[in-house]
Amino acid sequence: MTNEASTVPQRLVAFLPNLRRFAISLCHSRELADDLVQAACERAILAADSFVPDTRFDAWMFRILRNLWIDHLRRVRTAGPQEDLDAARDVAIPSGETASHARMELLEVSVALQSLPHEQREVLVLVCVEELSYRDTAEVLSIPIGTVMSRLARARKNLSELTGISMGQKRSSDTKGGVA
């Protein structure tokens, strides 16, 4: 194992929250997300020698996780329907009016996010939550950068319509992925 490869497990530990968040957004199940993250970690550690040090570690890990998710979907297709869990309700927050409103808003956005088409939700989570550039998102999903931009625009529009949030004129980033 090379010296660069030995840093993969160290990077992996710091990156686990992001990886788990992306896994939950894909499968909607905390238990399945944990299984996917564990499998992705195993695969990354075994393939540590193939990681190129000057490339984006997060994009590499998201691609590994997404490929595992696709493999899982293919296996489930032959086994029957997926189990749909609403595990998001187990999040503990302090009591009070502000917390209640925040929880209701979070639930509304979560429901709206889950109702987006899979392709739009995937791009939205990678760009807006995981803060990947358009270029890195395109690489993770193996799609053209223009497709990332159009899916993201549709996802933002649909999400704003579903939640009643006004989009306004300002964009979150006019320079994502080096595109001005």
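In what follows, the structure referred to is the one given above.
Heads up: these notes are all about the structure in this document. Please read all numbers here as calculations on a predicted model, not as lab measurements.

### Here we look at the overall build of the protein chain
Here comes step 1: Summing up its helical and strand segments, the protein chain has seven helices and zero strands in all.
Here comes step 2: If you list the helices and strands of the protein chain from N to C, you get α-α-α-α-α-α-α.
Here comes step 3: Evaluated residue by residue, the protein chain yields a buried proportion of 37% over its 180 residues.
Here comes step 4: At a minimum sequence separation of 6, the contacts of the protein chain that also span at least 24 residues come to 67%.
Here comes step 5: Accessible surface for the protein chain amounts to roughly 11,000 Å². Of this, 55% is attributable to carbon and sulfur atoms.

### Some words on the pattern of salt bridges
Here comes step 1: Per the counting criterion, the structure on display carries seven salt bridges.
Here comes step 2: Note that Asp34 is salt-bridged to Arg20, the shortest N-O span being 2.5 Å. Here Asp34 is found in helix 2 (residues 30-46), whereas its partner Arg20 is found in helix 1 (residues 3-27), with 14 residues between them in sequence.
Here comes step 3: According to the relative accessible area criterion, Asp34 is partly exposed, its value standing at 34%.
Here comes step 4: Residue Arg66 pairs with Glu122 through a salt bridge whose shortest N-O separation is 2.8 Å. Placement of Arg66 in helix 3 (residues 57-79) and of Glu122 in helix 5 (residues 118-129) is noted, with a sequence separation of 56 residues between them.
Here comes step 5: Salt bridges sharing partners connect three or more residues here, namely Arg56, Asp58 and Asp136.

### Examining the environment of Leu68
Here comes step 1: Note that Leu68 resides in helix 3.
Here comes step 2: Separated by 25 residues in sequence, Leu68 and Arg43 have C-alpha atoms that sit 9.5 Å apart.
Here comes step 3: The residues touching Leu68, leaving out its near neighbours within four places in the chain, are Leu36, Ala39, Ala40 and Arg43.

### A few points about the packing of aromatic side chains
Here comes step 1: Applying the stated criterion across every chain, the model contains six aromatic pairs.
Here comes step 2: When the centroid spacing of 5.9 Å and the interplanar angle of 45° are considered together, the rings of Phe57 and Trp60 count as tilted. Of this pair, Phe57 and Trp60 both sit in helix 3, three residues apart, which is roughly one turn of the helix.
Here comes step 3: On the basis of relative accessible area, Trp60 is assigned to the buried category, the value being 18%.

### So, the nonpolar core
Here comes step 1: Formed by 44 residues in total, the largest nonpolar core has its most connected members in Leu19, Phe57, Trp60, Met61, Phe62 and Leu65.
Here comes step 2: Secondary structure elements with two or more residues in this core: helix 1, helix 2, helix 3, helix 4 (97-115), helix 5, helix 6 (134-141) and helix 7 (145-163).

### Observations regarding the side chain of Ser29
Here comes step 1: With respect to the helices and strands, the residue Ser29 is situated in the loop between helix 1 and helix 2.
Here comes step 2: Engagement of the side chain of Ser29 in a polar contact is seen with the backbone nitrogen of Leu32, the distance being 3.2 Å.

Criteria and cut-off values
Residues numbered from 1 in each chain as written. Predicted model: local features only at pLDDT ≥ 70, side-chain atom pairs only at ≥ 80, totals over all residues. Heavy atoms only, no water. Helix = DSSP H or I, 4+ residues; strand = E, 2+ residues; numbered from the N terminus. Buried < 20%, exposed > 50% of the residue type's maximum accessible area, 1.4 Å probe, protein only. Contact = heavy atoms within 4.5 Å. Areas by Shrake-Rupley, 256 points an atom, 1.4 Å probe, with all protein chains shown as cover. Salt bridge = Lys/Arg side-chain N within 4 Å of Asp/Glu carboxyl O. Phe/Tyr/Trp six-rings, centres within 6.5 Å; stacked < 30°, edge-to-face > 60°. Core = buried A, V, L, I, M, F, W, Y, C linked by side-chain atoms within 4.5 Å. Polar contact = N/O pair within 3.5 Å; in protein donor to acceptor, adjacent residues only side chain to side chain.

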